[in-house]
Amino acid sequence: MPGTPSAPPTTTPGCEPGSPVPRPRPQAPERARPATPSAPTAVTAGRAGVALVASLLGFTVITIDVSAVNIALPAIRESLSGGMAGLQWVVDAYTLMFAALMLSAGAIADRAGARRAYAWGVALFTLASLGCALAPGIGVLVAARVAQGGAAAVVMPASLALVRQTHEDSRERARAIALWTVGGSVAMAAGPVLGGLLTEWAGWRAVFLLNLPVGAVILALLVRVPRSPRRPAALDAMGQLTAVLALAGLAVAVIEGGHLGWTSPLVLAAAALAVVSGVLFGVFESRHRQPMIPPAVLADRRVSVPLAVGFAVNAAFYGGIFLLGLYYQQLRGMSAVAAGLMFVPLSAVVTGTNLVSPRLAERIGRRPVIVAGQLVFAVAMLAMLPLAAHTPVWLVLVLLVPLSVGGALAVPALTALLIDAVPAERAGTVSGLLNSLRQLGGALAVALFGSLLSASDGGAFSLPGMRLGLLTVAALLLATTALSRLFLPRG
């Protein structure tokens, strides 16, 4: 984060198991741009507390928004008649922008200052939430979700930067960061329940309207927070643009391919856009003096393998959550509130496993924990294959235990291994890349599951499609498990 040393590798169980705390991109050399000469205002204990509350609220609201919206999807479909493809875009428009812009989020916070970047991000997220709530159709809702995702990509790292900037004592800073991570855990558990309650009692638009008063409170609190220093940081504009285009093209191809056919002109054009943009991204990155993704870093197996694992784990988790939200309501006929309550045990197990994983890695080593976590997650995908409309609820909850444990076990260990594998000045780069690839894995899993769920019967929930998706993700997890076993260091 701007102007402060890197935080220790830790985890944030936000909207998915074991989310790594976002780290900034490394700062550009001082000669790149003169730093702002004025010094920041001294931070009192009271102002530090205000900054922590403001940061907690922002991180919590962007986490709740993801999980709550998943529960509201059937109601959105009924209200706006968007079909399965529309529901996929409601989720993926947010996630894809989050993934793409996370690559530059640290640099933006450096250049603007943490407080200013956070205020911008919160203000945009609040306005975008209003746009979601007022959306007259699925197209407007998806466009507003794009803006939400872009804002969230700035809010997440800037919120942590603000905490670190206003807590100078290392012990106080450690406690504040711990509280920040707990906020993600609480939001993860509360999101589905809150989404279900709001959807059933006030309509799906209330899920987004809730963000307005929270955003207003955050902006009011920031008035009392000392300004942040602005420091030089290089922005790779062309790399960022081509990354967004490549991810968007890939998502369009996967989502629409299941509905329009894989040889339709739109799908072929989207696939071509993804390939061309991906090639251009590589060209621009190779020529930029401070590329977002340094090729030398990716050549290290201790980096590339954990990145692949992060992608696979998030694909399983996000895909599973998307699938279960629809399964509970569309196939089993549960209310939104009941569907939300079904996620509470899962969230509790994720939080507990996040706490156990680092200690287990210290005892037996990181590689065994990473391998075991992926194997458990693969078993979770296979265990869900027998799910049907009349599967007993208690059995559904039992089958979800490995889904809760797998990613939460693997991700803390792989994050720590990844950070230790690179020099300190590269820690922000690889952490941001891990966040981006994990978000991308989730977005593509939602695209895949949505296409398979509706492919066979014109949009209704398809059990054969669900099972094919589960098998696909299980195969991906087994492949990354083999990579981890072969190429990660034993210690």
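Each residue is numbered by its place in its chain's sequence as written, counting from 1. Local features are withheld for residues below a pLDDT of 70 in this predicted model, meaning they are given only at 70 or higher, and side-chain atom pairs are given and counted only at 80 or more; totals for whole chains, interfaces and linings count all residues. Only hydrogens and water are set aside; all other atoms, that is, all heavy atoms of the structure, feed into the side-chain values.

Novice: Could you give me a rundown of the overall build of the protein chain, with the residues and numbers involved?
Specialist: Note on conventions: DSSP H or I runs of at least 4 residues are helices, E runs of at least 2 residues are strands, and numbering of each starts at the N terminus. Secondary structure summary: the protein chain contains 18 helices and 2 strands in total. Residue burial is assigned from relative accessible area. The probe radius is 1.4 Å, only protein chains are included, and a residue is buried under 20% of its type maximum, exposed over 50%, and partly exposed in between. In the protein chain, which comprises 491 residues, the share counted as buried stands at 58%. Carbon and sulfur atoms provide 69% of the accessible area of the protein chain, an area that totals close to 18200 Å². Under the convention used here, a 1.4 Å probe and the Shrake-Rupley method define accessible areas, while residue burial counts only the protein chains that appear.

Novice: Describe helix 8 (residues 237–260), and please don't skip the residues or the numbers.
Specialist: With 24 residues, helix 8 extends 33 Å from end C-alpha to end C-alpha; this agrees with the ideal 34 Å at 1.5 Å per step. Residue G261 follows helix 8 closely and has a positive phi angle near 105°. By this rule, a helix spans an expected 1.5 Å times one less than how many residues it contains.

Novice: Tell me about the packing of aromatic side chains, residues and numbers included.
Specialist: Geometry of aromatic contacts follows a simple scheme: Phe, Tyr and Trp rings, the Trp one being its six-membered ring, pair when their centres are within 6.5 Å, and the pair is stacked under 30 degrees between planes, edge-to-face over 60, tilted otherwise. Taken as a whole and assessed by the stated rule, the structure comprises 4 aromatic pairs. Taking 6.1 Å as the distance between ring centres and 55° as the angle between the ring planes, the aromatic pair formed by Y94 and F98 counts as tilted. You can see Y94 and its partner F98 sitting in helix 2 (residues 83–112), 4 residues apart, about one turn around the helix. Given a relative accessible area of 4%, F98 falls into the buried group. Ring centres 5.7 Å apart and planes at 55° place the aromatic pair Y327 and Y328 in the tilted group.

Novice: Tell me about the confidence of the model for the protein chain, residues and numbers included.
Specialist: Averaged over every residue, the pLDDT of the protein chain is 81; residues scoring 70 or more account for 85%. Every residue carries a pLDDT, the predictor's confidence in it, which falls somewhere between 0 and 100. Throughout, a residue-residue contact means that at least one pair of heavy atoms, one from each residue, lies within 4.5 Å. Confidence drops under pLDDT 50 across residues 1–41; counting only partners more than four residues distant or on other chains, this segment forms 146 contacts.

Novice: Tell me about helix 11 (residues 301–331), and please be specific about residues and values.
Specialist: Across its 31 residues, helix 11 extends 43 Å between first and last C-alpha, which sits within 8% of the 45 Å expected from 1.5 Å per residue. Buried residues dominate helix 11, accounting for 24 of its 31 residues. Directly beyond the C-terminal end of helix 11, a positive phi value near 75° is found at G333.

Novice: Residues and numbers for the nonpolar core, please.
Specialist: Nonpolar cores are built from buried Ala, Val, Leu, Ile, Met, Phe, Trp, Tyr and Cys residues. Side-chain atoms within 4.5 Å join them into one set. In terms of nonpolar packing, the biggest core is built from 106 residues, with Y328 and M381 touching the most fellow members. When residues in this core are grouped by element, the largest group, 16 residues, is from helix 11. Look past the residues within four positions of Y328 in its chain and what remains in contact with it is G333, M334, A339, M342, F343, V396 and L400. Grouped together as the second largest cluster of nonpolar side chains are 38 residues, A109, V122, V163 and I218 included.

Novice: Quick rundown of the environment of V313? Include the residues and the values.
Specialist: Within the element layout of this structure, V313 appears in helix 11. Taking the C-alpha atoms as reference, V313 lies 7.2 Å from Q374; in sequence the two are 61 residues apart. Contacts of V313, omitting those with residues within four sequence positions, involve F377, G407, V411 and L477.

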